[in-house]
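Given next are the chains, with one letter for each unit.
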Amino acid sequence: MPASRKEAEPGRCNNTALRKAARHVTRFYDGCMAESGLRTTQYAILNLLADRGPMTMAALAGLLVMDRATMGHNLRPLERDGLITIEVGRSDRREREVSLTDFGRQREAEGKTLWLKAQRRFEQAFGAEDAKAMRRVMARIAAMELDVQGVMT
């Protein structure tokens, strides 16, 4: 059995373990979604906008636990391809509000079919209950207050 497929020792670094798992699962989902022309990060953005409606770049970045610059980098191709619009905020002109276009709504719906297949395949391989438990743990990790200053002193 190849080393990448056998049960591996978990290692000691939490960050490395999380990043390895994230890269592995991202490759799987990106492969499943390839025919849509959307990467999983792009689909996640379109899906949030489809589910929750227009929102500011800052709010979108917060929901995806991204900094604003990375969010801007991820939004540019979506805007270029006509899937989203980015406009000056209605209540605060310093904000940028992101909205789905009709074409973006159509692409999100097409991507959802592939995403659902990926979800089912992942849960068949990993186990539905384990997948649910993993999402709970990952949500807790994403919401944790981690103080860099405490580590630096």
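Refer to the structure above for everything that follows.
Here the structure is a predicted model, which means the values were calculated and not measured. (Residues numbered from 1 in each chain as written. Predicted model: local features only at pLDDT ≥ 70, side-chain atom pairs only at ≥ 80, totals over all residues. Heavy atoms only, no water.)

Enquirer: Help me out: how do you make sense of the overall build of the protein in this one?
Expert: Of regular secondary structure, the protein possesses 7 helices and 3 strands. The order of helices and strands in the protein, counted from the N terminus, is α-α-β-α-α-β-β-α-α-α. Expressed along its principal axes, the backbone C-alpha trace of the protein runs to roughly 50 × 45 × 25 Å. Put simply, the protein has 153 residues, and 27% of those count as buried. Put simply, of all contacts in the protein between residues at least 6 apart along the chain, 49% involve residues at least 24 apart. In the form shown here, the protein has an accessible surface area of approximately 11,100 Å², with 52% of it arising from carbon and sulfur atoms. On the protein, the mean spot of the 26 positive side-chain charges and the mean spot of the 20 negative ones are 4 Å from each other. (Helix = DSSP H or I, 4+ residues; strand = E, 2+ residues; numbered from the N terminus. Buried < 20%, exposed > 50% of the residue type's maximum accessible area, 1.4 Å probe, protein only. Contact = heavy atoms within 4.5 Å. Areas by Shrake-Rupley, 256 points an atom, 1.4 Å probe, with all protein chains shown as cover. Lys, Arg positive; Asp, Glu negative; His and termini not counted. Charge placed at Lys NZ, Arg CZ, Asp CG, Glu CD.)

Enquirer: Can you help me understand the pattern of salt bridges in this one?
Expert: Oppositely charged side chains are able to pair whenever their charged atoms sit close together. A complete count under the given rule lists 6 salt bridges for this structure. Notably, a salt bridge pairs Asp-30 with Arg-39, separated by 2.9 Å at the nearest N-O pair. For Glu-123, the salt bridge goes to Arg-135, with nearest N and O atoms at 3.2 Å. Of the two residues, Glu-123 sits in helix α5 (residues 102-126) while Arg-135 sits in helix α6 (residues 128-143), which places them 12 residues apart along the sequence. Looking at Glu-123, the relative accessible area reads 24%, which means it is partly exposed. (Salt bridge = Lys/Arg side-chain N within 4 Å of Asp/Glu carboxyl O.)

Enquirer: Even after reading the chapter, I still don't get a positive patch on the surface, so can you show me in this structure?
Expert: Among the surface-exposed residues, Arg-19, Lys-20, Arg-23 and Arg-27 lie close enough to one another that they form a single positively charged patch. By the secondary structure assignment, Arg-27 is in helix α1 (residues 14-33). (Patch = residues over 30% accessible without salt bridge, like charges linked within 9 Å, V, L, I, M, F, W, Y side chains within 5 Å.)

Enquirer: So what exactly am I meant to see when it comes to the packing of aromatic side chains here?
Expert: Each aromatic ring pair is summarised here by two numbers: the centre-to-centre distance and the angle between the ring planes. For the structure on display, the rule yields 4 aromatic pairs. On the basis of an interplanar angle of 90° and a centroid distance of 5.4 Å, the ring pair of Phe-28 and Tyr-29 is categorised as edge-to-face. For Tyr-29, a relative accessible area of 10% puts it in the buried group. Their ring planes at 25° and their centres at 6.1 Å tell us that Tyr-43 and Trp-115 sit as a pair that is stacked. Residue Tyr-43 is found in helix α2 (residues 40-52), and its partner Trp-115 is found in helix α5; the two are separated by 72 residues along the sequence. The exposure class assigned to Tyr-43 is buried, which follows from its relative accessible area of 4%. Pairwise contacts between aromatic rings join Phe-28, Tyr-29, Phe-122 and Phe-126 into one cluster. (Phe/Tyr/Trp six-rings, centres within 6.5 Å; stacked < 30°, edge-to-face > 60°.)

Enquirer: Please explain the layout of surface pockets as it appears in this structure.
Expert: In this structure, the second largest pocket encloses a volume near 160 Å³. Lining the second largest pocket are Leu-18, Arg-19, Ala-22, Arg-23 and Thr-26. Of the residues assigned to the lining of the second largest pocket, the class counts are 2 nonpolar, 1 polar and 2 charged. (1 Å grid on protein atoms, 1.4 Å probe; cavity = no way out; pocket = protein on both sides within 12 Å on 5 of 7 lines; lining within 4 Å. Points joined across faces, edges and corners; volume = space filled by probe spheres on them. Nonpolar A, V, L, I, M, F, W, Y, C, P; charged D, E, K, R; others polar.)

Enquirer: I keep staring at the sheet that holds strand β2 (residues 84-88) and nothing clicks. Help me out?
Expert: The strands making up a sheet associate through backbone hydrogen bonding, with each pair oriented either parallel or antiparallel. Strand order in the open sheet made by the 3 strands is β1-β3-β2, with antiparallel pairing throughout. The sheet is open, and its two edges are formed by β1 (55-56) and β2, each paired on a single side. The pairing of β2 with strand β3 (residues 96-100) spans 5 bridges and is antiparallel. Of the residues in β3, the one forming a bridge with Glu-87 is Glu-97. Packing of α2 onto the sheet brings it into contact with β1, β2 and β3, and relative to β3 it is tilted by some 85°. (Pairing = 2+ DSSP bridges. Axes fitted to C-alpha atoms, helices over the stretch in contact; angles between N-to-C directions.)

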